[in-house]
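Each chain is listed here by its residues.
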Amino acid sequence: MTRAGNSGSASDWPEALCAPVRNLPPCSRLRIALSGGMDSVLLLHVAARLHAGSGRLSAVHVNHQLQPNADQTERFCQQVCGELGVPLDIRRVVVNSRQGAGSDTGGIEESARHARYQVFEDLLEPEELLLMAHHGDDQAETVLFRLLRGTGVAGLGGMPESRPLGKGRLYRPLLGFGRSELRSWATEMGIHWVEDPSNTDERFDRNFLRQSIMPRLKARWPSLVSRIGHTARSCREGDELAGALARIRFQQCANEREALSVERLGQLGFAEQKNLIRWWIIRYHHVPPSISDWSRVMADLVNAPEDREPELRGEGYTVRRYRGYLYLVADRPPLPSDNAPLIPGRELVWGEWRLQLVPAGNSEMPAPAIRISTRVGGERLRPDPKGPSKSLKNWLQEKGIPPWERARLPLLLEAENGNQEVIGAGDLWLAGQYCGEAPASGWRIVVERECN
Ligand SMILES: Nc1ncnc2c1ncn2[C@@H]1O[C@H](COP(=O)(O)OP(=O)(O)OP(=O)(O)O)[C@@H](O)[C@H]1O
């Protein structure tokens, strides 16, 4: 259903509403996230009035293809953008609709949100700004919703006004206004919009809060939205301070491989240990696991006897302890089970490794027959050409290479008198005849590893 209020002329636009949309961070392109609902249509109108002449304004609508009126909404977005002369990008997505409403962990609403943000993330180029029309009531609902899910300080900080998204930035200029304030402006200005029928479906937690809980709370505490906004700001500040403290502790506890010293960690109080571990996991772009008993986990990681190998599992990674340090180890797909030839001039991708055999120097020597394999046990190598050969196992232990890295180390094997001789081990060692500007073999081997 589309709604209209009284008509108004462009010159009547209230300055209070225009100011945050006028004073934007510098950008090469301004994209409006247009759902077709009241908030984003109002934002589009204001942005068109202020920025249409700049030639850098456009809108993006994500059609989730879930609601019966999804196509009608898409057409409406086309129509309003056409009227305002704003180019519109339409992106259709397929949302996994198997999950139900009201679920704590997801549901169709969550899947749609995820798909939508993925579109935005893929779309944004450097220097581009995506404006979203979240307002103060959305913020209050978000904070309350997260409180009910048991979120910590970072989550209770609510939605930031601005944050990086993809290669660009997301920006929310309407957070300082309440829903009713925006609705009266939209009605006054004669704006049309589409009502999303799913907004009234109280099986969804967010809608239940919006429809049944917030009105009762607001009736009792009229300044609820600004009070929750205040709490969110305090939580954001608290989170910033926790981040600053974690950075200081990281410098004190981490070695050159960014592993954390268990001894130094043990000197911190529990809250600081947890703060540092969570910050460190996020630093690697992973999500800290949701754990009800962090004190038990920390005690285990820090205090378990040396012969035990305590672990903390998260999605896509494991925190492991080895020789007094904690390492964050990303999950990796299994390595090829067969050994592979290193073909001259052709890059070999081996798990997270890239290997190449390239001609070097002026000689025309035949290419050596080199194969890549993981350890099978019993291998020996001669890191010092004049010294005795050593067991690979002992050599890796001497070098302090953790067991999970040993298992993923590509061994370079060369057939020699019917035997396979180890001539290289990942990026740890390579026999001298394959290194340098003019290697004695006439061939150079290049070994590189992708970072974590
Ligand atoms: N289908 C859509 N296409 C483009 N932008 C959208 C779409 N849906 C929502 N948005 C943008 O997100 C803003 C918030 O929308 P809405 O309140 O419906 O989302 P939400 O799910 O409650 O919140 P969140 O964006 O945090 O997921 C809208 O004002 C609009 O800017």
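Here, every reference points to the structure presented above.
Described below are features of the structure shown in this document. (Residues numbered from 1 in each chain as written. Predicted model: local features only at pLDDT ≥ 70, side-chain atom pairs only at ≥ 80, totals over all residues. Heavy atoms only, no water.)

**Things to note about the side chain of Arg 321**
Working step 1: Inspection of the secondary structure puts Arg 321 in strand 11 (residues 317–322).
Working step 2: Summary of buried charges: Arg 321 has no salt-bridge partner, and the nearest side chain of opposite charge, Glu 306, is 4.1 Å away.
Working step 3: A polar atom in the side chain of Arg 321 sits 2.7 Å from the backbone oxygen of Ala 304.
Working step 4: Reaching out from Arg 321, the side chain makes a polar contact with the backbone oxygen of Pro 305 at a distance of 2.9 Å.
Working step 5: Every residue in contact with Arg 321, bar those within four places of it in the chain, is listed here: Val 262, Asp 300, Leu 301, Val 302, Asn 303, Ala 304, Pro 305, Glu 306, Arg 308, Pro 310 and Leu 326. (Helix = DSSP H or I, 4+ residues; strand = E, 2+ residues; numbered from the N terminus. Buried < 20%, exposed > 50% of the residue type's maximum accessible area, 1.4 Å probe, protein only. Lys, Arg positive; Asp, Glu negative; His and termini not counted. Salt bridge = Lys/Arg side-chain N within 4 Å of Asp/Glu carboxyl O. Polar contact = N/O pair within 3.5 Å; in protein donor to acceptor, adjacent residues only side chain to side chain. Contact = heavy atoms within 4.5 Å.)

**Comments concerning the sheet that holds strand 20 (residues 419–425)**
Working step 1: On the basis of which strands lie adjacent, the open sheet formed by five strands has the order 13-16-19-20-21 and antiparallel pairing. Each edge of the sheet is formed by a strand with only one pairing partner; in this case those strands are strand 13 (340–341) and strand 21 (429–430). (Pairing = 2+ DSSP bridges.)

**As for the site of the ligand**
Working step 1: Residues in close proximity to the ligand total 17 residues, the closest being Ala 33, Val 62, Arg 113, Tyr 117 and His 134.
Working step 2: Residue Leu 34 places a main-chain N or O atom 3.4 Å away from a nitrogen atom belonging to the ligand.
Working step 3: In isolation the ligand exposes 600 Å². Once the protein is present, 86% of that is buried.
Working step 4: Where the shell around the ligand is concerned, the elements lending two or more residues are strand 3 (57–63), helix 4 (108–123) and helix 8 (205–220).
Working step 5: With four residues, helix 4 is the largest single contributor of residues to the shell around the ligand.
Working step 6: Of the residues contributing to the shell around the ligand, the split by class is eight nonpolar, five polar and four charged. (Near = heavy atom within 4 Å. Areas by Shrake-Rupley, 256 points an atom, 1.4 Å probe, with all protein chains shown as cover. Nonpolar A, V, L, I, M, F, W, Y, C, P; charged D, E, K, R; others polar.)

**Points about unusual backbone geometry**
In most cases, non-glycine residues show a negative phi, while peptide bonds are predominantly trans.
Working step 1: Positive phi outside glycine occurs at Gln 65, with the angle close to 55 degrees.
Working step 2: Position of Gln 65 relative to the elements: it lies in the loop between strand 3 and helix 3 (70–84).
Working step 3: Judged by its relative accessible area of 40%, Gln 65 falls in the partly exposed class.
Working step 4: The phi torsion at Arg 323 lies on the positive side, around 45 degrees, for a residue other than glycine.
Working step 5: If you trace the backbone, Arg 323 turns up in the loop between strand 11 and strand 12 (325–330).
Working step 6: In this structure Arg 323 comes out as partly exposed when scored by relative accessible area, which is 46%.

**Thoughts on the nonpolar core**
Working step 1: With 37 residues, the main nonpolar core has Leu 17 and Leu 131 as its most contacted residues.
Working step 2: Looking at which element gives the most residues to this core, the answer is helix 2 (residues 38–51), with eight residues.
Working step 3: When near neighbours in sequence (up to four residues on either side) are disregarded, Leu 17 contacts Leu 42, Val 46, Leu 174, Phe 177, Leu 182 and Trp 185. (Core = buried A, V, L, I, M, F, W, Y, C linked by side-chain atoms within 4.5 Å.)

**A word on the pairing of strand 6 (residues 162–165)**
Working step 1: Pairing of strand 6 with strand 7 (residues 168–171), which is carried by four bridges, proceeds in the antiparallel orientation. Residue Ser 162 lies in a different strand from strand 7, and its bridge partner there is Tyr 171.
Working step 2: Linking two consecutive strands that pair antiparallel, namely strand 6 and strand 7, is a turn of two residues; a positive phi of about 55 degrees is found at Gly 166 within it.

**Observations regarding helix 4**
Working step 1: Given a rise of 1.5 Å per residue, 16 residues ought to cover 22 Å, and the 23 Å separating the end C-alpha atoms of helix 4 matches this to within 8%.
Working step 2: For helix 4, the complete set of buried residues consists of Ile 108, Ser 111, Ala 112, Ala 115, Tyr 117, Val 119, Phe 120 and Leu 123.
Working step 3: Buried positions along helix 4 lie against strand 2 (29–33), strand 3, strand 4 (88–92), strand 5 (128–131), strand 6 and strand 7. (Expected span 1.5 Å × (residues − 1).)

**Focus: the packing of helix 5 (residues 136–148) against helix 8**
Working step 1: Between helix 5 and helix 8, whose axes approach to 10 Å, the crossing angle comes to 105 degrees. On the basis of their axis angle, the class for helix 5 and helix 8 is roughly perpendicular. Counted together, Asp 137, Asp 138, Ala 140, Glu 141, Thr 142, Leu 144, Phe 145 and Leu 148 of helix 5 and Asp 205, Arg 206, Leu 209, Arg 210, Met 214, Leu 217 and Lys 218 of helix 8 form the full contact between these two elements. (Axes fitted to C-alpha atoms, helices over the stretch in contact; angles between N-to-C directions. Parallel < 35°, antiparallel > 145°, perpendicular 65-115°, else oblique.)

**What to know about the packing of helix 11 (residues 270–283) against helix 12 (residues 294–303)**
Working step 1: For the pair helix 11 and helix 12, interaxial distance at closest approach is 10 Å and the crossing angle is 80 degrees. With respect to each other, helix 11 and helix 12 are oriented roughly perpendicular. Mapping the contact onto sequence places Phe 270, Gln 273, Lys 274, Ile 277 and Arg 278 in helix 11 and Trp 294, Ser 295, Met 298 and Val 302 in helix 12.
Working step 2: When its residues are assigned to classes, the contact of helix 11 with helix 12 shows five nonpolar, two polar and two charged.

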